[in-house]
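These are the residues of each chain, in order.
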Amino acid sequence: MTRYPDRIVCLTEETTETLYLLGQGDRIVGVSGYTMRPPEARQKPKVSAFINARFDKIEALKPDLVLAFSDLQADLSAELVRRGLAVVTFNQRSVAEILQMIRMLGGLVGCQPDAEALAARLETDLERMRAASAQFPRRLRVFFEEWDDPLISGIRWVEELVEIAGGAPIFPELADARLAKNRILDPAEVAKRDPEVIFASWCGKKVNKDRIRTRAGWDRVGAVRDDRIFEIKSTYILQPGPASLTEGVQQMHEILRKETAAL
């Protein structure tokens, strides 16, 4: 047995991307079918979706560590444990918890200094963006739409990143709601709060802007009236890992910078 795991299965993308950024991609022997980052990871055997997995295929890979995420993969984790595999299930829901996950993962694979450096670099870049956003003439009211039916607002790390990017989330009271069912909204309430920008990311399916525009009463919403509806692909913002802290927040920052300057 090696000192640290060297045959790792990742059931979600963010641990895959983190391990590659730590120079440990060669340890990964299986990934989620939803994995997009980095592109070379897609060459690995695909062993799972999000809430289901090929247990026989995972066992055949003889992993010494399986990495999972959240309550949604609790049943997968339990079954893999029953089959005698070592499983670590992360549950990060905020920017701080994402950075902690990176540090913890580094410890698990024996790359703690590299993980500390990666987390520190990401944290520094976010602080630079926060400072740049503070120079905006004003903050536009932002609604982040995580799902369309039922209508669900953004999870905590997303709402935090909206703020870092220079926006003002219109449902700050829901930031601590860890479960999607606790962030279901009445479309009329969204319209009432009149977002000036709508970011939409429908978790694996393409955003239909016409569906947003034609909701009852939404023709009077500023973001709809002024054509400020923007899709942020889920792989960049709804994966609680490096992608959201880099590409995802950067996309939102650039949009908000341009839209604020155009006022």
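Everything below is about the structure shown above.
Residues numbered from 1 in each chain as written. Predicted model: local features only at pLDDT ≥ 70, side-chain atom pairs only at ≥ 80, totals over all residues. Heavy atoms only, no water.

1. A few points about the environment of Trp 218
Then, in step 1: Within the secondary structure layout, Trp 218 lies in the loop between α8 (209-213) and α9 (222-225).
Then, in step 2: Trp 218 gets classed as buried once you look at its relative accessible area, which sits at 0%.
Then, in step 3: For the pair Trp 218 and Arg 128, spaced 90 residues apart in sequence, the C-alpha to C-alpha distance is 35 Å.
Then, in step 4: Apart from the residues within four sequence positions on either side, Trp 218 is in contact with Phe 143, Glu 145, Leu 151, Pro 187, Val 190, Ala 191, Ile 198, Ile 212, Arg 213 and Val 224. (Helix = DSSP H or I, 4+ residues; strand = E, 2+ residues; numbered from the N terminus. Buried < 20%, exposed > 50% of the residue type's maximum accessible area, 1.4 Å probe, protein only. Contact = heavy atoms within 4.5 Å.)

2. Considerations on the sheet that holds strand β1 (residues 8-10)
Then, in step 1: With parallel pairing, the five strands of this open sheet are ordered in space as β3-β2-β1-β4-β5. The open sheet has two free edges, formed respectively by β3 (46-48) and β5 (87-90), since each of these has just one partner strand. Strand-to-strand twist across the sheet, computed as the mean angle between neighbouring axes with direction ignored, equals 25 degrees.
Then, in step 2: Direction of pairing for β1 relative to strand β4 (residues 65-69): parallel, over a ladder of three bridges. Bridged to Ile 8 within β4 is Leu 65.
Then, in step 3: Against the sheet, helix α3 (residues 74-82) engages β4 and β5, with an angle of about 165 degrees to β5.
Then, in step 4: Sheet contacts for helix α4 (residues 95-108): β4 and β5; angle to β5, the most-contacted strand, approximately 170 degrees. (Pairing = 2+ DSSP bridges. Axes fitted to C-alpha atoms, helices over the stretch in contact; angles between N-to-C directions.)

3. Comments concerning the pattern of salt bridges
Then, in step 1: Overall, the coordinates contain 30 salt bridges when judged by the stated rule.
Then, in step 2: Among the salt bridges present, the one from Arg 54 reaches Asp 56, with a minimum N-O distance of 3.3 Å.
Then, in step 3: In this structure Arg 54 comes out as partly exposed when scored by relative accessible area, which is 45%.
Then, in step 4: If you follow the salt bridges from partner to partner, you end up with Glu 59, Glu 79, Arg 82 and Arg 83 in one network. (Salt bridge = Lys/Arg side-chain N within 4 Å of Asp/Glu carboxyl O.)

4. Focus: the packing of aromatic side chains
Then, in step 1: For the coordinates displayed, the defined rule picks out two aromatic pairs.
Then, in step 2: When the ring of Phe 143 is compared with that of Phe 171, the centres are 6.0 Å apart and the planes differ by 70 degrees; the resulting orientation is edge-to-face. On the criterion of sequence distance, the pair formed by Phe 143 in strand β6 (residues 140-148) and Phe 171 in the loop between β8 (167-169) and α7 (187-193) is long-range, its members being 28 residues apart.
Then, in step 3: Of the residues examined, Phe 171 reaches a relative accessible area of 2% and is grouped as buried.
Then, in step 4: Centroid distance Phe 199 to Phe 230: 6.2 Å. Interplanar angle 45 degrees. Geometry classified as tilted. Of this pair, Phe 199 sits in strand β9 (residues 197-200) while Phe 230 sits in strand β10 (residues 229-231), and the two are 31 residues apart along the sequence.
Then, in step 5: According to the relative accessible area criterion, Phe 199 is buried, its value standing at 0%. (Phe/Tyr/Trp six-rings, centres within 6.5 Å; stacked < 30°, edge-to-face > 60°.)

5. Notes on the nonpolar core
Then, in step 1: Residues Leu 161, Phe 199 and Met 252 are the most contacted members of the largest nonpolar core, which totals 45 residues.
Then, in step 2: If sequence neighbours within four positions are ignored, Leu 161 has contacts with Val 95, Leu 126, Ile 237, Ser 244, Leu 245, Val 249 and Met 252.
Then, in step 3: Ranked by size, the runner-up nonpolar core spans 18 residues in total, among them Leu 174, Ile 198, Val 207 and Ile 212. (Core = buried A, V, L, I, M, F, W, Y, C linked by side-chain atoms within 4.5 Å.)

6. A few points about the pairing of β4
Then, in step 1: Where burial is concerned, most of β4 is hidden: five out of the five residues are buried.
Then, in step 2: On β4, burial covers both faces: Leu 65, Leu 67 and Phe 69 on one face and Val 66 and Ala 68 on the other are all buried.
Then, in step 3: Two elements, β4 and β5, share four bridges in a ladder whose sense is parallel. Looking at β5, one finds that Ala 68 is bridged to Thr 89.
Then, in step 4: Handedness of the crossover joining β4 and β5 through α3 is recorded here as right-handed. (Right-handed = clockwise from strand over helix to strand, strands pointing away.)

7. Here we look at the state of the cysteines
Then, in step 1: Taken as a whole and assessed by the stated rule, the structure comprises zero disulfides.
Then, in step 2: There is no disulfide at Cys 10, and the cysteine sulfur nearest it, in Cys 111, is 13 Å away. (Disulfide = S-S within 2.5 Å.)

8. A look at unusual backbone geometry
Then, in step 1: A cis amide bond links Arg 37 with the next residue in sequence, Pro 38, at an omega value of -15 degrees.
Then, in step 2: Across the junction of Asp 149 and Pro 150, the peptide omega takes the value 0 degrees, indicating a cis bond.
Then, in step 3: For Pro 150, the position within the fold is in the loop between β6 and β7 (151-153).
Then, in step 4: Non-glycine residue Lys 62 carries a positive phi angle of around 50 degrees.
Then, in step 5: Residue position: Lys 62 is located in the loop between α2 (55-60) and β4.
Then, in step 6: Its relative accessible area of 64% is what places Lys 62 among the exposed residues.
Then, in step 7: One non-glycine residue, Ser 70, lies in the positive phi region at around 75 degrees.
Then, in step 8: Assignment of secondary structure puts Ser 70 in the loop between β4 and α3.

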